[in-house]
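Coordinate analysis (summary)
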Amino acid sequence: MKKTAVVTGAAGFLGSHLTDRLLAEDYRVIGIDNLLTGNTRNIEHLAGNADFQFIKHDVTNYIYLPGAVDLVFHMASPASPIDYLQLPIQTLKVGSLGTHNALGLAKAKSARFLLASTSECYGDPLVHPQKEDYWGNVNPIGPRGVYDEAKRFAEAMTMAYHRYHKVDTKIVRIFNTYGPRMRLEDGRVVPAFIGQALQGHALTVFGDGSQTRSFCYVSDLIDGIFRLSQSDYHEPVNIGNPAEMTVIEFAREILKITGINAPIEHRPLPVDDPKVRQPDISLARRVLGWEPKVTFDVGIRKTLEYFRHFLSLPS
Ligand code: UDP
């Protein structure tokens, strides 16, 4: 008998890659998505796969599923700053009500539960790099607060279900991740710069570009999440790539790798944009035996290939 996993947000960037990994690990997968920011294009290759079932549903409403479930992955949420600025209420609801419903499903089925949390829990961090025991520096009422606080609430709710209801829960704090199936227009820096470069437009660097991010390729991230789901660890674990660079360095790298000579244009820095971000992954190394393997150069080339194909450009 195959095990059954439920993936909320299965038609999204990370949810769809996680679904592929679970199917490869011989799970049956029930994917749930309301397609607000997800797209069935990300799972169309699974049409006809007897081990995959898709349900279009908004998990902020009660989730009813017949039959046994072994694992619930709560991946659903807008995840790009532009998306959650345009969808503030939905972002708050999926992190709060959606997490509650997904935890309720896990409890009812005696299933394990994994929450997709975020480095945004650290806000604009005053500790660098960020370790899991840092409580963060979040502005609750700023425009990003809708995402940050929803995820912080989701973590609190997950730990309460673990402590009070004894649900076997895990929490992953996901740092900036990139790769195929990101939406070209989602506003995040990787698809933004790649899309702009490939179309010969100016690269839009927010602020002076001295803010830093650390970019993890999607297959590494999914491997970390899968390992965490199989572990006995219950507190939050950072998964990300510690290779840190400034946004302006990132823009120059994209121009160098594509060989495209587009200009760089500066735009206003979004409110509360974190000045630095880098995961301390010593916990993931210790409890999961995990560390990223895909170099920036390899990951970016694979991502470029995807967007070239998406834009019908020659490779
Ligand atoms: N950024 C940028 N130009 C863009 C999009 C983003 O300079 O067109 C910057 C943004 O201000 C931030 C970093 O790139 O400092 C990463 O932004 P992203 O939206 O990818 O996610 P975040 O890490 O802020 O959640």
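Preceding this section is the structure that the text describes.
Since the model is a prediction, treat every value here as computed from it, not as a measurement.

1. What to know about the packing of helix 1 (residues 13-24) against helix 6 (residues 218-229)
Contact pair helix 1 / helix 6: the axes reach a minimum separation of 10 Å and the direction vectors enclose 65°. By crossing handedness, the relation of helix 1 to helix 6 is classed as right-handed. Counting all contacts with helix 1, which are made through Phe-13, Leu-14, His-17, Leu-18, Arg-21 and Leu-22, the residues of helix 6 involved are Val-218, Leu-221, Ile-222, Asp-223, Ile-225 and Phe-226. A breakdown of the residues in the contact of helix 1 with helix 6 according to their chemical character gives 9 nonpolar, 1 polar and 2 charged.

2. So, the site of the ligand
Around the ligand sit 18 residues, and of these Thr-204, Phe-206, Arg-213, Asp-273 and Arg-277 come closest. Between the ligand and Arg-144, the relevant distance is 2.9 Å, taken from an oxygen atom to a side-chain nitrogen or oxygen of the residue. Within the side chain of Asp-273, one N or O atom sits 2.6 Å away from an oxygen atom of the ligand. Against a free-state accessible area of 520 Å², the protein chains account for coverage of 95% of the ligand. Those elements that provide at least two residues to the shell around the ligand are helix 5 (189-198) and strand 8 (203-206). Among the residues making up the shell around the ligand, the classes are represented as 8 nonpolar, 4 polar and 6 charged.

3. So, the pairing of strand 2 (residues 28-33)
Among the 6 residues in strand 2, 5 count as buried, and that is most of the element. Pairing of strand 1 (residues 4-8) with strand 2 involves 5 bridges; the strand directions are parallel. Within strand 2, the position partnered with Ala-5 by the bridge is Val-29. This β-α-β element, strand 1 to helix 1 to strand 2, shows right-handed connectivity. Bridge analysis of strand 2 against strand 3 (residues 52-56) gives 5 bridges, and the strand direction is parallel. Its bridge partner lying in strand 3, Ile-30 is registered against Gln-53.

4. What about the packing of aromatic side chains?
Ring pairs (aromatic) are described by centroid distance and by the angle formed between their planes. According to the stated counting rule, one finds 11 aromatic pairs in the structure shown. On the numbers, 5.8 Å between centres and 70° between planes, the contact of Phe-250 with Phe-296 is edge-to-face. A residue pair is termed long-range when its members are at least 10 positions apart, and Phe-250 in helix 7 (residues 247-258) and Phe-296 in helix 9 (residues 296-310) qualify at 46 residues. Neither Phe-250 nor Phe-296 differs from the other in exposure class; each is buried. Joined through ring pairs, the aromatic side chains of Tyr-178, Phe-193, Phe-215, Tyr-217, Phe-250 and Phe-296 make up one cluster.

5. Examining the side chain of Ser-214
Examined against the element boundaries, Ser-214 turns out to sit in strand 9 (residues 212-214). Here Ser-214 falls in the buried class, since its relative accessible area comes to 1%. Here Arg-277 takes part through its backbone oxygen, which lies 2.8 Å from a polar atom of the side chain of Ser-214. Apart from the residues lying within four places of it in its own chain, the contact partners of Ser-214 are Asn-176, Asn-241, Pro-242, Ala-243, Glu-244, Arg-277, Gln-278 and Pro-279.

6. Considerations on the sheet that holds strand 4 (residues 71-74)
Taken in spatial order, the 7 strands of this open sheet run 3-2-1-4-5-6-11, and their pairing is parallel. Edge positions in the sheet fall to strand 3 and strand 11 (237-239), since each of these pairs with one other strand and no more. On average, adjacent strands in this sheet sit at an angle of 20° to one another, irrespective of strand direction. Strand direction decides the pairing type here: strand 1 and strand 4, joined by 4 bridges, are parallel. Directly across from Val-7, in strand 4, lies its bridge partner Phe-73. The strands that helix 4 (residues 145-165) touches are strand 5 (112-118) and strand 6 (169-174); relative to strand 5, the one it contacts most, it runs at about 155°.

7. Quick notes on the packing of helix 5 against helix 7
Between helix 5 and helix 7, whose axes approach to 10 Å, the crossing angle comes to 40°. For the element pair helix 5 / helix 7, the angle class is oblique. For the crossing formed where helix 5 meets helix 7, the hand is right-handed. Across from Val-189, Val-190, Phe-193, Ile-194, Ala-197 and Leu-198 in helix 5, the residues of helix 7 making contact are Val-247, Phe-250, Ala-251, Ile-254, Leu-255 and Thr-258.

Conventions we followed
- Residues numbered from 1 in each chain as written.
- Predicted model: local features only at pLDDT ≥ 70, side-chain atom pairs only at ≥ 80, totals over all residues.
- Heavy atoms only, no water.
- Axes fitted to C-alpha atoms, helices over the stretch in contact; angles between N-to-C directions.
- Helix = DSSP H or I, 4+ residues; strand = E, 2+ residues; numbered from the N terminus.
- Left-handed = near helix turned anticlockwise from the far one by under 90°.
- Contact = heavy atoms within 4.5 Å.
- Nonpolar A, V, L, I, M, F, W, Y, C, P; charged D, E, K, R; others polar.
- Near = heavy atom within 4 Å.
- Polar contact = N/O pair within 3.5 Å; in protein donor to acceptor, adjacent residues only side chain to side chain.
- Areas by Shrake-Rupley, 256 points an atom, 1.4 Å probe, with all protein chains shown as cover.
- Buried < 20%, exposed > 50% of the residue type's maximum accessible area, 1.4 Å probe, protein only.
- Pairing = 2+ DSSP bridges.
- Right-handed = clockwise from strand over helix to strand, strands pointing away.
- Phe/Tyr/Trp six-rings, centres within 6.5 Å; stacked < 30°, edge-to-face > 60°.
- Parallel < 35°, antiparallel > 145°, perpendicular 65-115°, else oblique.

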